[in-house]
Protein chains: 2
Amino acid sequence: MTEQPAQTTTAGDPATARGEQTRQLIRDTAMRLFRERGYAQTTMRAIAQEAGVSVGNAYYYFGSKDHLIQEFYAQSQVEHRASAQPVLDREEAFGPRLAGVLHAGIDVLTPSHGFAATFFKTAAEPTSPLSPFSAESSGPRQAAIDLFGEVLAGSTAKVDAELRPQLPELLWLAYMGVVLYWVHDRSPGQTKTRQLIDGAVPLIDRLVALSRLRVLRPVTRQALDLIRTLRH
Amino acid sequence: MTEQPAQTTTAGDPATARGEQTRQLIRDTAMRLFRERGYAQTTMRAIAQEAGVSVGNAYYYFGSKDHLIQEFYAQSQVEHRASAQPVLDREEAFGPRLAGVLHAGIDVLTPSHGFAATFFKTAAEPTSPLSPFSAESSGPRQAAIDLFGEVLAGSTAKVDAELRPQLPELLWLAYMGVVLYWVHDRSPGQTKTRQLIDGAVPLIDRLVALSRLRVLRPVTRQALDLIRTLRH
DNA sequence: GTCGGTAGTTGAACACGTTCAAGAAGGGCG
DNA sequence: CGCCCTTCTTGAACGTGTTCAACTACCGAC
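Note on numbering: residues in each chain are counted from 1, in written sequence order. Just so you know, chain letters begin at A and ligand numbers begin at 1, following the order they were written in. Only residues with pLDDT of at least 70 are given local features in this predicted model, and only at 80 or more are side-chain atom pairs given and counted; all residues enter the totals for whole chains, interfaces and linings. As a rule here, side-chain values come from all non-hydrogen atoms in the structure, and water together with hydrogens is ignored.

K.L.:
Quick rundown of the interface of chain A and chain B? Include the residues and the values.
P.N.:
Pairs of residues are marked as contacts when any of their non-hydrogen atoms sit within 4.5 Å. In this assembly, 35 residues from chain A lie in contact with 35 residues from chain B. Interface area for chain A against chain B, summed over the two sides, is near 3,300 Å², with a carbon-plus-sulfur share of 67%. Basic side-chain nitrogens of Lys or Arg form a salt bridge, by our definition, when they fall within 4 Å of a carboxyl oxygen of Asp or Glu. Where chain A touches chain B, the interface holds zero salt bridges. Numbering of helices and strands runs from the N terminus; a helix is a DSSP stretch of H or I covering at least four residues, while a strand is a stretch of E covering at least two. Elements represented by at least two residues in the side of chain A that touches chain B include exactly helix H6 (113-124), helix H8 (167-184), helix H9 (191-210) and helix H10 (217-230) of chain A. A per-element tally of the side of chain A that touches chain B places H9(A) first, with ten residues. Among the residues making up the side of chain A that touches chain B, the classes are represented as 20 nonpolar, nine polar and six charged. Buried surface area refers to the total accessible area, computed with a probe of radius 1.4 Å, that the two partners give up upon joining, counted for both partners together. Residue type decides the class: Asp, Glu, Lys and Arg count as charged, Ala, Val, Leu, Ile, Met, Phe, Trp, Tyr, Cys and Pro as nonpolar, and the leftover types, Gly among them, as polar.

K.L.:
Give a detailed account of the pattern of salt bridges, specifying residues and quantitative values.
P.N.:
Throughout the structure, instances matching the rule amount to 24 salt bridges over all chains. A single salt-bridge network, built from bridges that share partners, covers A:Glu162, A:Arg221, A:Asp225 and A:Arg228.

K.L.:
Can you tell me about unusual backbone geometry, naming the residues and giving the values?
P.N.:
With a phi angle near 50 degrees, A:Gln190 is a residue other than glycine that sits in the positive phi range. Along the chain, the position of A:Gln190 falls in the loop between H8 and H9.

K.L.:
An account of the environment of A:Trp182 is needed here, citing residue identities and associated values.
P.N.:
Residue and element names in this part refer to chain A. As for its position among the elements, tryptophan 182 is in helix H8. A relative accessible area of 0% means that tryptophan 182 is categorised as buried. For the pair tryptophan 182 and lysine 192, spaced ten residues apart in sequence, the C-alpha to C-alpha distance is 8.1 Å. Under the scheme applied here, a residue whose accessible area is under 20% of the maximum for its type counts as buried, over 50% as exposed, and between as partly exposed, the area being computed with a 1.4 Å probe on protein chains only.

K.L.:
Outline the environment of B:Ala144, supporting the account with residue identities and numerical values.
P.N.:
All names here are of chain B. The topology assignment puts alanine 144 in helix H7 (residues 138-153). Distance in space between the C-alpha atoms of alanine 144 and valine 78 is 9.2 Å, their sequence separation being 66 residues. Once residues within four sequence positions are removed from consideration, alanine 144 is found in contact with Gln77 and Trp172.

K.L.:
Help me get a handle on the relation of the copies chain A and chain B, residues and values and all.
P.N.:
Note on the chain copies: they are related by a rotation about an axis and a translation along it. Superposition of the copies used a least-squares fit over C-alpha atoms from residues whose pLDDT is at least 70 in both. Once chain A is rotated about the relating axis by 180 degrees and shifted along it by 0.0 Å, it coincides with chain B to within an RMSD of 0.1 Å. Read as a symmetry element, the transformation amounts to a two-fold axis. Taken as a fraction of all interface residues of chain A, those also at the interface in chain B reach 100%, which identifies the copy contact as same-surface.

K.L.:
Requested: an account of the protein's contact with DNA strand D, with residues and values cited.
P.N.:
Any residue with a non-hydrogen atom lying within 4 Å of a molecule or strand is treated as near it. Near DNA strand D, the surroundings consist of 20 residues, among which A:Gly19, A:Ser54, A:Tyr61, B:Tyr59 and B:Lys65 are the closest. Sugar plus phosphate: this is where 60% of the atoms of DNA strand D within 4 Å of the protein reside. For this analysis, a polar contact is any N or O atom pair within 3.5 Å, provided that within protein one partner can donate a hydrogen and the other can accept it, and provided that sequence-adjacent residues contribute only side-chain to side-chain pairs. B:Met44 is positioned such that a nitrogen or oxygen atom in its backbone is 2.9 Å from a phosphate oxygen of DNA strand D. One of the side-chain nitrogen or oxygen atoms of B:Tyr59 is found 2.7 Å away from a phosphate oxygen of DNA strand D. Of all the elements in the fold, those that place two or more residues in the surface near DNA strand D are helix H3 (55-61) of chain A together with helix H2 (44-51) and helix H3 (55-61) of chain B. The element best represented in the surface near DNA strand D is H3(A), accounting for four residues. Of the residues in the surface near DNA strand D, the class split is six nonpolar, nine polar and five charged.

K.L.:
Which residues make up the side chain of A:His113, and what are the values?
P.N.:
Its place among the elements puts A:His113 in helix H6. Within the local environment of A:His113, its side chain forms a polar contact with the backbone oxygen of A:Trp182, the two atoms lying 2.9 Å apart.

K.L.:
So what's going on with the protein's contact with DNA strand C? Which residues, and what values?
P.N.:
The local shell around DNA strand C holds 19 residues, among which A:Met44, A:Arg45, A:Tyr59, A:Lys65 and B:Gly19 are the closest. A:Lys65 has a polar backbone atom sitting 2.8 Å from a phosphate oxygen of DNA strand C. Elements supplying a minimum of two residues to the surface near DNA strand C: helix H2 (44-51) and H3 of chain A together with H3 of chain B. At four residues, H3(B) tops the list of elements feeding residues into the surface near DNA strand C. Tallied by class, residues from the surface near DNA strand C come to six nonpolar, eight polar and five charged.

K.L.:
Tell me what's going on with the packing of H9(A) against helix H10 (residues 217-230) of chain B, and back it up with residues and numbers.
P.N.:
Two numbers describe how H9(A) lies on H10(B): the axes approach to 10 Å, and their chain directions differ by 165 degrees. With respect to H10(B), the axis of H9(A) lies roughly antiparallel. As for the relative orientation of H9(A) and H10(B), their crossing is left-handed in sense. Touching A:Lys192, A:Gln195, A:Leu196, A:Gly199, A:Ala200, A:Pro202, A:Leu203, A:Arg206, A:Leu207 and A:Leu210 of H9(A) are B:Pro218, B:Val219, B:Gln222, B:Ala223, B:Leu226, B:Thr229 and B:Leu230, all from H10(B). For the contact of H9(A) with H10(B), the class distribution of residues is eleven nonpolar, four polar and two charged. Helix axes are fitted to C-alpha atoms over the stretch in contact, other axes to C-alpha atoms as well, and angles between N-to-C directions run from 0 to 180 degrees. Small angles under 35 degrees read as roughly parallel and large ones over 145 as roughly antiparallel, with 65 to 115 read as roughly perpendicular and the rest as oblique. Each helix crossing is assigned a hand: it is left-handed if the near helix lies turned anticlockwise from the far helix by less than a right angle, otherwise right-handed if that turn is clockwise.

K.L.:
Break down the nonpolar core for me, with residues and values.
P.N.:
If you look at the biggest cluster of nonpolar residues, it comprises 124 residues, and the most contacted ones within it are A:Phe148 and B:Phe148. Ignoring sequence-local partners within four residues, the contact set of B:Phe148 consists of B:Leu98, B:Val101, B:Leu102, B:Pro168, B:Leu171, B:Trp172 and B:Tyr175. By nonpolar core is meant a set of buried Ala, Val, Leu, Ile, Met, Phe, Trp, Tyr and Cys residues that side-chain atoms within 4.5 Å join together.

K.L.:
Lay out the packing of aromatic side chains with the relevant residues and their values.
P.N.:
All names here are of chain B. The rule is short: rings of Phe, Tyr and Trp, with Trp giving its six-membered ring, pair when the centres are within 6.5 Å, and they are stacked under 30 degrees, edge-to-face over 60, tilted in between. Under the definition given, this model contains ten aromatic pairs over all chains. With 5.6 Å between their ring centres and 40 degrees between their planes, phenylalanine 34 and phenylalanine 115 make a pair best called tilted. With phenylalanine 34 in helix H1 (residues 20-37) and phenylalanine 115 in helix H6 (residues 113-124), this residue pair connects regions lying 81 residues apart in the sequence. An identical accessibility class is assigned to phenylalanine 34 and phenylalanine 115; each is buried.

K.L.:
How would you explain H8(A) if you had to name every residue and give the values?
P.N.:
Taking 1.5 Å per residue, 18 residues should reach 26 Å; H8(A) reaches 26 Å between its end C-alpha atoms and fits that length. Turning to H8(A), its buried residues are A:Leu167, A:Pro168, A:Leu171, A:Trp172, A:Tyr175, A:Val178, A:Val179, A:Tyr181, A:Trp182, A:Val183 and A:His184. How far a helix is expected to stretch is found by multiplying one less than its residue total by 1.5 Å.

So far we have only geometry, and geometry alone does not tell us how the molecule works.
Written out as structure tokens, the structure reads:
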């Protein structure tokens, strides 16, 4: 439609540059329609028509309708990382850092609450490449875990030596729990989820501090052993 | 096909007795095919054909393919309750009671691991009536929570007075976590899930006992307050 | 016995996600 | 320019879950 020079705007991978703008066009159209109508109500035919391509062409770039979700997934992760940066720069204490990063994650997701909720079912399926535990999404997952690693590393918190290496992954798991709650949260503006974060963070903060307590050492060790056993 | 007397075998609700055996026939056929071929590979047409009815007739009894899952759900709950009974009769200590009931739940689910895993995605969708948190499944859910109430009530465990009323629901939530792990468990025979139960139960047992400890009182209270706030 | 209404049943039709054989576009190379 | 190969694009066709207007079977009332 629009006339443009030979080189792509983003100047990405030159080996696959040819269809790149078509790919982005389809992706952006899909994201828009998902937001406007919801996931189930957006048909592949509608996406193709609005993007001005054929149905089959959409399938050339995205193996299935679900794969379009993965696009959303990756995009959200990047936005989360970016919107968490100010918090990591500003805060020093563990609690505020964690709370800030969790809130930032929900901030990013909030505009898509309606349709994100619908598609999270796909993410829950173990066989799906969309599962946050799957190998296919290990990239975004590791990035997310690393983000919580930064939360911890940049903080002044004193953490039990045995707990420390496991903590980022545990915090990520807690974040998954927050997202799960958010998905089911029907309160206006998902305020309950905000309460969950604000309530759970001091609790986590406290528990992390308590993990160094003598009485709790055996429990801590027991729990960590279990986690190590269960990791695949 | 087969000749039978006027009264139904189960002699259930007389008001809706007429189509009851057709309903059961469709349900049983669906469950069998789900087990044999998996959920996605079983078509509504195949169910109808094998049951010897028309496709539309299956939809007369079950609003959607998903609703057939709910049937599996309810059935599993009943079986769980039944297979947990010996444990509740035999054991007196909290730990063994809890472990026994959790293992019983997985025992019931195990033959269906293949297809149950696939359909749990539907249960994760918040808008779905299949969600364990939804109003539609409040019946089975309450029954399940009550089961954990029995685990606690019949035990000799000493529990913090404030924690006690919340504990059955928390234990059910933990059970949901076990099921979630089981769904993703690819280890042969799902042995990892068994390890999870055997590892987590002593931990829970220990934490419940510790909840009465003075140092932990504030944390316990803080956590319980949060939970009460978040319940809808 | 006949009538009427409810419960049950049917199969064709619809919209959807997905596939695929066929073709078009583009570019390197003689 | 002509050739070939890869990349990209198309739209018809398939199988699926679901709907629905029409039909049949039953059963109580008159």
